[in-house]
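This is what each chain is made of:
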Amino acid sequence: MIGMRGWSFPIGRFLGVDVRIHTFFVLLLLLAISYGSAFGATGSRGFVLWLLLLLAVVVREVARSIAAVWHGLELRSILLLPTGGLFTYATPEDTERAATPEMQKSMAVVGPIANFGFGLLLAAIVLAVTPGINLFERPWITPTHLLRASIWISLLLGAVNLLPASPLDGGRVFRGEFAKARGAIKGSRAAAGLGQAIAIGLIAAGLLMPNMWLVMLGAFVMIGAHLEDQGLLLQTDAAAVKMR
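Residues numbered from 1 in each chain as written. Predicted model: local features only at pLDDT ≥ 70, side-chain atom pairs only at ≥ 80, totals over all residues. Heavy atoms only, no water.

Student: An account of the overall build of the chain is needed here, citing residue identities and associated values.
Tutor: In terms of helices and strands, the chain carries 10 helices and 4 strands. For the chain, the sequential pattern of α-helices and β-strands runs α-β-β-α-α-β-β-α-α-α-α-α-α-α. By residue count, 48% of the 244 residues in the chain fall in the buried class. If you sum the accessible surface of the chain, you get close to 12000 Å²; carbon and sulfur atoms cover 71% of it. (Helix = DSSP H or I, 4+ residues; strand = E, 2+ residues; numbered from the N terminus. Buried < 20%, exposed > 50% of the residue type's maximum accessible area, 1.4 Å probe, protein only. Areas by Shrake-Rupley, 256 points an atom, 1.4 Å probe, with all protein chains shown as cover.)

This is the structure:
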């Protein structure tokens with residue numbers, strides 16, 4: 001898909017699935033390094049913080065990929081964003097099946113469960129190794145305490161994906177329910193519109209507080225909503241052409 005391939009870089013092909021990373025994810029690396037330096041830590045700690053986010057995203061997308069295969073859906077590619085991944089399916093039939101409300105609900109729980117489970121597993125390991133650590137001390141995500149950050153990055157990524165904003169998992173459920181009455185295209189547009197509205201709200205809240213993380217989260221949600229909407233529309237058009 002042109003919309004999903006633009007502004008992204010290939011990072012490999014795994015089990016026949018092309019994996020790409022969005023440019024915004026790469027730019028976040030520069031911000032993480034600068035963030036680490038601003039906190040009095042080294043740039044390398046900012047780099048590790050970025051790697052922890054990438055790891056949390058990979059964990060959820062591996063879980064979602066396994067779920068997709070279990071449901072008989074063939075993947076063509078995965079585009080990694082800081083809030084998760086966007087799937088492109090191999091055939092229009094798989095795309096249509098993946099867009100059904102039942103499949104959306106089934107797939108939507110996988111990512112958050114994977115992140116929550118991974119975060120709790122990390123917490124158990126950290127507490128077993130260093131029982132005196134305070135996991136609830138703020139800030140939760142900081143380059144000066146990478147062990148605590150690794151836990152909260154995974155937990156918060158799972159929590160963020162419960163928001164009803166496309167392309168987050170909560171947004172996919174909303175899209176599926178809306179599509180029951182209005183069809184896949186209108187459902188996708190409604191979910192993307194709600195996602196962009198939530199993104200604008202997050203950016204505005206971040207600017208007012210001020211909170212850099214809310215601003216970036218809003219930007220990621222807005223980009224993802226646009227890409228998922230564009231990707232679904234392109235695949236649907238391709239299916240229509242094939243039928244002719």
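Student: Explain the packing of helix H3 (residues 43-70) against helix H6 (residues 110-129) to me, using residue names and the numbers behind them.
Tutor: Remark: H3 packs on H6, axes separated minimally by 8 Å, with the N-to-C direction vectors making an angle of 135°. With respect to their mutual orientation, H3 and H6 come out oblique. Seen along the crossing, H3 lies across H6 with a hand that is right-handed. From H3, Leu55, Ala56, Val59, Arg60, Ala63, Arg64 and Ala67 reach across to H6, where they touch Val110, Gly111, Pro112, Ala114, Asn115 and Phe118. Across the contact of H3 with H6, the residue classes tally to 9 nonpolar, 2 polar and 2 charged. (Axes fitted to C-alpha atoms, helices over the stretch in contact; angles between N-to-C directions. Parallel < 35°, antiparallel > 145°, perpendicular 65-115°, else oblique. Left-handed = near helix turned anticlockwise from the far one by under 90°. Contact = heavy atoms within 4.5 Å. Nonpolar A, V, L, I, M, F, W, Y, C, P; charged D, E, K, R; others polar.)

Student: Break down the environment of Tyr35 for me, with residues and values.
Tutor: Topologically, Tyr35 is positioned in helix H2 (residues 23-38). Contacts of Tyr35, omitting those with residues within four sequence positions, involve Leu49, Ile141, Pro143, Met212 and Trp213.

Student: Hey, could you go over helix H5 (residues 101-108) for me, with residue numbers and the actual values?
Tutor: Inspection of H5 places Pro101, Met103, Gln104, Met107 and Ala108 among the buried residues, and these make up the whole buried set. Down the axis of H5, the smallest arc covering the buried residues is 165°, so these residues share one side. (Arc of directions from axis to C-beta.)

Student: Which residues make up a nonpolar patch on the surface, and what values go with them?
Tutor: A cluster of nonpolar side chains, Phe47, Val48 and Leu51, forms an exposed patch at the surface whose accessible area comes to about 200 Å². Relative to the elements of secondary structure, Phe47 occurs in helix H3. (Patch = residues over 30% accessible without salt bridge, like charges linked within 9 Å, V, L, I, M, F, W, Y side chains within 5 Å. Salt bridge = Lys/Arg side-chain N within 4 Å of Asp/Glu carboxyl O.)

The values are spatial; any link to function lies outside them.
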